[in-house]
Amino acid sequence: MDQAPGSRQDDAQSGLPVCYRHPDRETGIRCTRCERPICPECMVSASVGFQCPTCVREGSGTGHAPSASQPRTLAGGVVTADPHLVTKILIGLNLAAFLAQQVLGDSFTDRFELIGRAFMPTLGLGEIQGVAEGQWYRLLTSMFLHVSYIHLLSNMLSLWWIGGPLEAALGRARFLTLYLVSGLAGSALSYLLAEPNQAALGASGAIFGLFGALAVLVRQQRYDMRPIIALLVINLVITFGWSGISWQAHIGGLVAGVVIGVGMVHAPRERRALVQFGICGLMLAIVVVVTLLRTVQLT
């Protein structure tokens, strides 16, 4: 989510420039060599004043920490040459799984879709199958399966439109963690509340998690919230207005995405990674607890 320096409302009011690597931070310090605005995290002590990581990397400074010359995203992730790589890989995995569904047929889908506990004699693995029978992998694998071409296309377009900006803002590791934990939270809520013999599949839970995190990011950056709110409302109307949609997965993913998004964006800078991944770990622990409770209930 690129933003030109000085475009935020606070900057316009205070008149201070923003750090050239961290557009969300105002600063009154400039590099003594190139005069770029730099925040305290980017300041590298020099013989006279401070220099920016770029000038240091070019060999003009000394005494800096190894991480100082490594640009960071808004959430503290590493800035990479291709900020959309994980998004592309996730789309590729979804496409590959759908291709396998088309080639191998219903037996492949039945083996990996999300189902609580049901008679499925066609699999040849025993009649009773499901998460309650120890097949916890279904919580994850169901996130990469789709019912139809339209189902796949709509989810992949959403993943590309939302995932790209989020990955660029969070960084690869944080974005992937957000996607997977949100998807698992959606699967867990669907497992808890849906009928045990009701199958569910699709990337929608994870994508709703991206929606939630994007809303938090948009609010934190003080962009116009109306487009994202309108998009969320439309998707929620579709979720509850059409039959055959797992609303539990959508709501579970959305709630997890909002919680993780708050942790990613608002974590204190000095303990940022600990808070961010700690919240993700907490959400994952909730997924495990919910899954265990439902399993005990069904068995």
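Residues numbered from 1 in each chain as written. Predicted model: local features only at pLDDT ≥ 70, side-chain atom pairs only at ≥ 80, totals over all residues. Heavy atoms only, no water.

Quick look at the overall build of the protein now. Scanning the protein for helices and strands turns up 11 helices and 4 strands. Taking all 299 residues of the protein together, 46% fall into the buried category. Within the protein, contacts between residues at least 6 apart in sequence are counted, and of these 62% link residues at least 24 apart. For the protein, the exposed surface amounts to about 14,700 Å²; the carbon and sulfur share of it is 63%. (Helix = DSSP H or I, 4+ residues; strand = E, 2+ residues; numbered from the N terminus. Buried < 20%, exposed > 50% of the residue type's maximum accessible area, 1.4 Å probe, protein only. Contact = heavy atoms within 4.5 Å. Areas by Shrake-Rupley, 256 points an atom, 1.4 Å probe, with all protein chains shown as cover.)

Now for the packing of aromatic side chains. By the definition in use, this model includes 5 aromatic pairs. Between Phe108 and Phe112, the ring centres sit 5.1 Å apart and the planes meet at 55°, which makes this aromatic pair tilted. One end of the pair is Phe108 and the other is Phe112, both in helix 4 (residues 106–112) and 4 residues apart, which spans about a single turn. Overall, the relative accessible area of 18% leaves Phe108 in the buried class. (Phe/Tyr/Trp six-rings, centres within 6.5 Å; stacked < 30°, edge-to-face > 60°.)

The biggest cluster of nonpolar side chains holds 55 residues, and the ones touching the most others in it are Leu90, Leu159, Leu166, Leu178, Tyr179, Leu210 and Ile260. Mapped onto this core, the elements with two or more residues apiece are helix 3 (85–104), helix 6 (149–170), helix 7 (172–193), helix 8 (204–220), helix 9 (226–241), helix 10 (247–266) and helix 11 (272–298). Ranked by residues supplied to this core, first place goes to helix 8 with 11 residues. Those residues in contact with Leu178 that lie beyond four places of it in its chain are Leu166, Leu170, Gly209, Leu210, Ala213, Gly257 and Ile260. Counting 7 residues, the second-largest nonpolar core is a separate cluster that includes Cys31, Ile38, Cys52 and Cys55. (Core = buried A, V, L, I, M, F, W, Y, C linked by side-chain atoms within 4.5 Å.)

Let us now look at the confidence of the model for the protein. When pLDDT is averaged along the protein, the result is 85; 87% of the residues meet or exceed 70. Here helix 1 (residues 9–14) stands out as the least confident element of the protein, with mean pLDDT 43; helix 5 (residues 138–141) is the most confident, with 97. Every residue in residues 1–14 scores below 50 in pLDDT, and together they form 24 contacts with partners more than four places removed in sequence or on other chains. Every residue in residues 60–66 is under pLDDT 50, and counting partners more than four places away or in other chains gives 10 contacts. (pLDDT = per-residue confidence, 0-100.)

A few words on the packing of helix 6 against helix 7. For the pair helix 6 and helix 7, interaxial distance at closest approach is 7 Å and the crossing angle is 135°. The angle between helix 6 and helix 7 places the two elements in the oblique class. Handedness of the crossing formed by helix 6 with helix 7: right-handed. Packed against helix 6, whose contacting residues are Leu159, Gly163, Leu166, Glu167 and Leu170, the element helix 7 presents Arg172, Arg174, Phe175, Leu178 and Tyr179 at the interface. (Axes fitted to C-alpha atoms, helices over the stretch in contact; angles between N-to-C directions. Parallel < 35°, antiparallel > 145°, perpendicular 65-115°, else oblique. Left-handed = near helix turned anticlockwise from the far one by under 90°.)

This paragraph deals with unusual backbone geometry. Of note, the phi angle at Glu35 is positive, near 65°, even though the residue is not glycine. Take Glu35: it is sitting in the loop between helix 1 and strand 1 (44–45). With relative accessibility at 55%, the residue Glu35 sits in the exposed group. The residue Arg222 is not glycine, and still its phi comes out positive at about 65°. Considering the arrangement of structural elements, one finds Arg222 in the loop between helix 8 and helix 9.

Within this structure, the stated rule accounts for 7 salt bridges. A salt bridge links Asp82 to Lys88; the nearest nitrogen and oxygen atoms lie 3.2 Å apart. Looking at Lys88, the relative accessible area reads 40%, which means it is partly exposed. Between Glu133 and Arg117 there is a salt bridge, with its nearest N and O atoms 2.6 Å apart. With Glu133 in the loop between strand 4 (128–129) and helix 5 and Arg117 in the loop between helix 4 and strand 3 (118–119), this pair connects stretches of sequence that are 16 residues apart. The class of Arg117 is partly exposed, set by a relative accessible area of 31%. What you see here is one network of salt bridges that share partners, running through Asp24, Arg25, Glu41 and Arg272. (Salt bridge = Lys/Arg side-chain N within 4 Å of Asp/Glu carboxyl O.)

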